[in-house]
Amino acid sequence: MSISTKRVELVVENAGGVRRTAWPITQGIPFEDGELESGATVCVVDAEGRPFPTQSTCLATWSRDMKYVKWLLVDFQADLRADETASFFLEYGEGAETPAPTQPVAVTREEGRIRIDTGVLRLDLRTSPGGYSSVPAVHMARDFLERCWVATEEGWRDVFRGDPGPHLYLVDTHGQRYDSCTAAPPPRITVEDAGPVRVSVCVKGFHASRNGTLICPFTVRIHAFSGRPD
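Residues numbered from 1 in each chain as written. Predicted model: local features only at pLDDT ≥ 70, side-chain atom pairs only at ≥ 80, totals over all residues. Heavy atoms only, no water.

A few points about the nonpolar core
(1) Moving on: Judged by nonpolar contacts, the single largest core of 20 residues is most densely connected at Ile116, Leu123, Leu125, Phe144, Leu145, Ile189 and Val201.
(2) Moving on: Of all the secondary structure elements, the ones that give two or more residues to this core are strand S9 (113-117), strand S10 (121-126), strand S11 (145-152), strand S15 (188-194), strand S16 (198-208) and strand S17 (214-225).
(3) Moving on: Ranked by size, the runner-up nonpolar core spans 19 residues in total, among them Phe52, Val69, Phe76 and Ala86. (Core = buried A, V, L, I, M, F, W, Y, C linked by side-chain atoms within 4.5 Å. Buried < 20%, exposed > 50% of the residue type's maximum accessible area, 1.4 Å probe, protein only. Helix = DSSP H or I, 4+ residues; strand = E, 2+ residues; numbered from the N terminus.)

Here it is, written out as structure tokens:
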């Protein structure tokens, strides 16, 4: 840390009684007006000064010129012993540098789908309307959760099964079923955070009956983390 580098302490409590390895941590941090410029490099370090790959997002600024950060969202991963309370520090200012993740999580857009890749997990989200069926039938199209692979010792394993595969559904008090894949319109999928430590994707859609009656809009957020299969 250089003389001009500043620090904010972050206290992390692992109260679950379980050891955490490369555990994802997301923290919002407030700053005074004029303290941190928007887009400036920040880095989380431990008590010994060892840096962690750090992702930061400006959530709010102090004025319309958006020059200075008011709230900063920070993502990093750390090892925590069972019931440990550990101190980390967010460094910022001249000299602050963050290392790149060993397995950065990435988002790629292909025709009809969005792929999230953490290095050990690959998730395909269907975005093409052509993949959805508007006619009730036994063979329904897969929902927006199209395919998912997890790395194993034997290679990549496809964990989604069935037809139509994973989807959302609910049943009313009369036994009427509504789901997100048979006759519902394609959901709107938005990438909200694009890595490299964390990716967040927002999915907004509707449940529908087999005859197309819409009910209960839903919002699903999927978070994927660098080097993690969950």
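We are not done yet, so read on.
Focus: the side chain of Ser200
(1) Moving on: Within the fold, Ser200 resides in strand S16.
(2) Moving on: Residues within four places of Ser200 in sequence aside, it is in contact with Thr190, Val191, Glu192, Asp193, Ile222 and His223. (Contact = heavy atoms within 4.5 Å.)

Concerning the pairing of S11
(1) Moving on: Note that S10 and S11 share five bridges and pair antiparallel. Directly across from Leu121, in S11, lies its bridge partner Val150.
(2) Moving on: Joining the antiparallel neighbours S11 and strand S12 (residues 155-158) is a turn of two residues. (Pairing = 2+ DSSP bridges.)

Examining the sheet that holds strand S3 (residues 42-45)
(1) Moving on: Spatial strand order, S1-S7-S3-S4: four strands in an open sheet with antiparallel pairing. On the outer flanks of this sheet lie strand S1 (6-13) and strand S4 (51-52), each paired with one strand and no other.
(2) Moving on: Two elements, S1 and strand S7 (residues 85-92), share eight bridges in a ladder whose sense is antiparallel. Looking at the pairing, Val12 lines up with Ala86 of S7.

Looking at the layout of surface pockets
Where empty space is left can be seen by rolling a probe of water-molecule size over the atoms.
(1) Moving on: Its volume calculated, the largest pocket comes out at about 430 Å³.
(2) Moving on: In terms of lining, the largest pocket is formed by 24 residues, of which the most central are Ala22, Phe52, Gln77, Ala78 and Asp79.
(3) Moving on: The class makeup of the residues in the lining of the largest pocket is eleven nonpolar, seven polar and six charged. (1 Å grid on protein atoms, 1.4 Å probe; cavity = no way out; pocket = protein on both sides within 12 Å on 5 of 7 lines; lining within 4 Å. Points joined across faces, edges and corners; volume = space filled by probe spheres on them. Nonpolar A, V, L, I, M, F, W, Y, C, P; charged D, E, K, R; others polar.)

Let's talk about the packing of aromatic side chains
(1) Moving on: Applying the stated rule across the entire model yields five aromatic pairs.
(2) Moving on: On the basis of an interplanar angle of 50° and a centroid distance of 6.0 Å, the ring pair of Phe52 and Phe76 is categorised as tilted. Highlighted residues: Phe52 in strand S4 and Phe76 in strand S6 (residues 69-80), separated in sequence by 24 residues. This pair shows no difference in class: Phe52 is buried, exactly as Phe76 is. (Phe/Tyr/Trp six-rings, centres within 6.5 Å; stacked < 30°, edge-to-face > 60°.)

Let's talk about the sheet that holds strand S5 (residues 55-61)
(1) Moving on: As summarised here, the arrangement of the three strands in space is S2-S6-S5, forming an open sheet in which the pairing is antiparallel. Only two strands of the sheet have a single partner each, and these edge strands are strand S2 (20-30) and S5. Adjacent strand axes in the sheet meet at a mean angle of 20°, parallel and antiparallel pairs treated alike.
(2) Moving on: Of the pairings in the sheet, the one linking S5 to S6 comprises six bridges and is antiparallel in character. Among the inter-strand pairings, Cys58 is bridged to a residue of S6, identified as Leu72. (Axes fitted to C-alpha atoms, helices over the stretch in contact; angles between N-to-C directions.)

Quick notes on the side chain of Gln77
(1) Moving on: With respect to the helices, strands and loops of the structure, Gln77 is situated in strand S6.
(2) Moving on: On the basis of relative accessible area, Gln77 is assigned to the buried category, the value being 16%.
(3) Moving on: Separated by 3.1 Å, the side chain of Gln77 and the backbone oxygen of Ser226 make a polar contact.
(4) Moving on: What Gln77 contacts, discounting residues up to four positions off in sequence, is Ala22, Trp23, Pro24, Phe52, Val197, Phe225, Ser226 and Arg228. (Polar contact = N/O pair within 3.5 Å; in protein donor to acceptor, adjacent residues only side chain to side chain.)

Description of the pattern of salt bridges
(1) Moving on: Evaluated as defined, the whole model comprises 16 salt bridges.
(2) Moving on: Ionic pairing is found between Arg7 and Glu91, a salt bridge with its closest N-O pair at 3.1 Å. With Arg7 in strand S1 and Glu91 in strand S7, this pair connects stretches of sequence that are 84 residues apart.
(3) Moving on: Taking the relative accessible area as the measure of exposure, Arg7 reaches 35% and is therefore partly exposed.
(4) Moving on: Connected through shared salt-bridge partners, Arg113, Arg115, Asp124, Arg126 and Glu146 make up one network. (Salt bridge = Lys/Arg side-chain N within 4 Å of Asp/Glu carboxyl O.)

A few points about the confidence of the model for the chain
(1) Moving on: Looking at the chain as a whole, its pLDDT mean stands at 90, while 93% of the residues score no less than 70.
(2) Moving on: Confidence, read as mean pLDDT per element, is least for strand S8 (residues 106-110) in the chain (92) and greatest for S6 (97).
(3) Moving on: Segment residues 130-141 is flagged for pLDDT under 50; beyond a separation of four residues in sequence, or across chains, it makes 25 contacts in the model. (pLDDT = per-residue confidence, 0-100.)

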